[in-house]
Amino acid sequence: MMNRQDSINLLKQYIDNENLINHCEMVAQAMEAYARHLEKAQEEVEHWWEAGLLHDIDWEKFPDEHPNKAVDEILPDHGYAEEVIDAVKAHAPERTGKHPESEIERYLFACDELSGFMNAVSLMRPNAFDDMKVKSVTKKLKDSKFAANVPREDIRKGAELIGVELREHIQFLINVFKA
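Residues numbered from 1 in each chain as written. Predicted model: local features only at pLDDT ≥ 70, side-chain atom pairs only at ≥ 80, totals over all residues. Heavy atoms only, no water.

*Asks:* An account of the nonpolar core is needed here, citing residue identities and associated values.
*Replies:* Phe-117, Met-118 and Ile-170 are the most contacted members of the largest nonpolar core, which has 59 residues in total. Residues in contact with Phe-117, not counting those within four places in the same chain, are Val-137, Lys-140, Leu-141, Phe-146, Ala-147, Val-150, Arg-152 and Ile-155. (Core = buried A, V, L, I, M, F, W, Y, C linked by side-chain atoms within 4.5 Å. Buried < 20%, exposed > 50% of the residue type's maximum accessible area, 1.4 Å probe, protein only. Contact = heavy atoms within 4.5 Å.)

*Asks:* Which residues make up the pattern of salt bridges, and what are the values?
*Replies:* This structure, assessed with the given rule, holds nine salt bridges. A salt bridge links Lys-69 to Glu-73; the shortest N-O distance between them is 2.9 Å. Placement of the pair is Lys-69 and Glu-73 together in helix α4 (residues 68-77), with a separation of four residues, close to one helical turn. What makes Lys-69 buried here is its relative accessible area of 16%. Residue classification places Glu-73 among the partly exposed positions, given a relative accessible area of 35%. Here Glu-153 and Arg-156 are joined by a salt bridge, their closest N and O atoms 3.8 Å apart. Taken together, the positions of Glu-153 and Arg-156, both in helix α9 (residues 152-161) and three residues apart, correspond to about one turn of that helix. For Glu-153, a relative accessible area of 51% gives the class exposed. Among the residues examined, Arg-156 registers a relative accessible area of 39% and is labelled partly exposed. (Salt bridge = Lys/Arg side-chain N within 4 Å of Asp/Glu carboxyl O. Helix = DSSP H or I, 4+ residues; strand = E, 2+ residues; numbered from the N terminus.)

*Asks:* Run through helix α8 (residues 134-142), naming residues and quoting values.
*Replies:* Within α8, burial applies to Val-134, Val-137, Thr-138 and Leu-141. Along the long axis of α8, the arc covered by the buried residues comes to 95°, so they all point the same way. Among the exposed residues of α8, those pointing more than 90 degrees away from its buried face are Lys-135 and Lys-139. Packing partners of the buried residues in α8 comprise α7 (103-123), α9 and α10 (166-178). (Arc of directions from axis to C-beta.)

*Asks:* Give a detailed account of the side chain of Arg-152, specifying residues and quantitative values.
*Replies:* Relative to the helices and strands, Arg-152 resides in helix α9. For the buried Arg-152, no salt bridge exists, and the shortest N-O distance to an oppositely charged side chain is 5.9 Å, to Asp-143. Only 3.5 Å separates the side chain of Arg-152 from the backbone oxygen of Lys-140, close enough to count as a polar contact. If sequence neighbours within four positions are ignored, Arg-152 has contacts with Phe-117, Lys-140, Leu-141, Asp-143, Ser-144, Phe-146 and Ala-147. (Lys, Arg positive; Asp, Glu negative; His and termini not counted. Polar contact = N/O pair within 3.5 Å; in protein donor to acceptor, adjacent residues only side chain to side chain.)

*Asks:* Summarise the environment of Ile-104; cite the residues concerned and give the values.
*Replies:* By the secondary structure assignment, Ile-104 is in helix α7. Residue contacts for Ile-104: discarding those within four places in its chain leaves Met-31, His-47, Trp-48, Ala-51, Glu-83 and Ala-87.

*Asks:* I'd like a description of helix α1 (residues 4-14), backed by residues and values.
*Replies:* Ser-7, Leu-10, Leu-11 and Tyr-14 are the residues of α1 that are buried. Taken end-on, α1 shows its buried residues confined to a sector of 100°, consistent with a single buried face. Regarding α1, its N-cap is Asn-3, as a side-chain oxygen of that residue lies 3.0 Å from the backbone nitrogen of Gln-5 further along.

*Asks:* Give a description of the state of the cysteines that names residues and reports values.
*Replies:* Counted under the stated rule, the structure contains zero disulfides. The structure places no disulfide on Cys-24, whose sulfur is separated from the nearest cysteine sulfur, that of Cys-111, by 13 Å. (Disulfide = S-S within 2.5 Å.)

*Asks:* So what's going on with the packing of aromatic side chains? Which residues, and what values?
*Replies:* Applying the stated criterion to the full structure yields five aromatic pairs. Relative to Phe-146, the ring of Phe-117 has its centre 5.5 Å away and its plane inclined at 85°; by these criteria the two rings are edge-to-face. Here Phe-146 lies in the loop between α8 and α9 and Phe-117 lies in helix α7, a separation of 29 residues in the sequence. Neither Phe-117 nor Phe-146 differs from the other in exposure class; each is buried. Sitting above the plane of the Trp-49 ring, Arg-4 keeps its charged end 4.3 Å from the centroid. The ring of Phe-146 has Lys-140 lying over it, and the distance from NZ or CZ to the ring centre is 4.7 Å. (Phe/Tyr/Trp six-rings, centres within 6.5 Å; stacked < 30°, edge-to-face > 60°. Lys NZ or Arg CZ within 6 Å of the ring centre and 35° of its normal.)

The values are spatial; any link to function lies outside them.
The following block contains the structure:
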C-alpha cells in the first residue's frame, strides 16, 4: 500500500511543472477537508486525498491520453484502490465516458476546476487566500476573460453534484486554502 510520501513521489515522477504540482496538492487538500467534514473513516480520507493528488498525474506527459493513461496503467500498476481510480476517471467524463456518481467522484469533480480557478484569483491578490471573500471569486467567475480556460459550467455543475450552493462551496474552499 502506498503512503502519502510514495504518492507525492509518484506524482513528481510524472509532473515537473510546479504550477501543476501545486494544483494537484490543492485538490488533495480540498478532498481531504471534505472527507473529514463528511466524517469519513481514515482509510476513506486517504483515498479522497489520493484521488485529489493524482487526478492529473498524466496531464503533463500524456495530455492526449489524460486521464486514461492514469486510470488504465499508472494508478493500477501502483495498487491504488478502485474508488480512487474511478474518481480520477469520472473527473473528466468528456474523455472517459464515466460521469461522477459516487460521493468521492462527485467531490473530485466539484473540487478540481474550482480549486484551479480560486488559485488564479489568489495570485491576483496581495494576501492570496487570507482575506479572500466569496464575492471576489464570484465576480471573477463572471469575467469570461479571467482564467478563460476554466469551464464555468463545470464549476456550477460541481456544486450541484455535491448538493451545496456555489457560494457555500467557495467559502468552504477559501477556509481550507487559507488554513
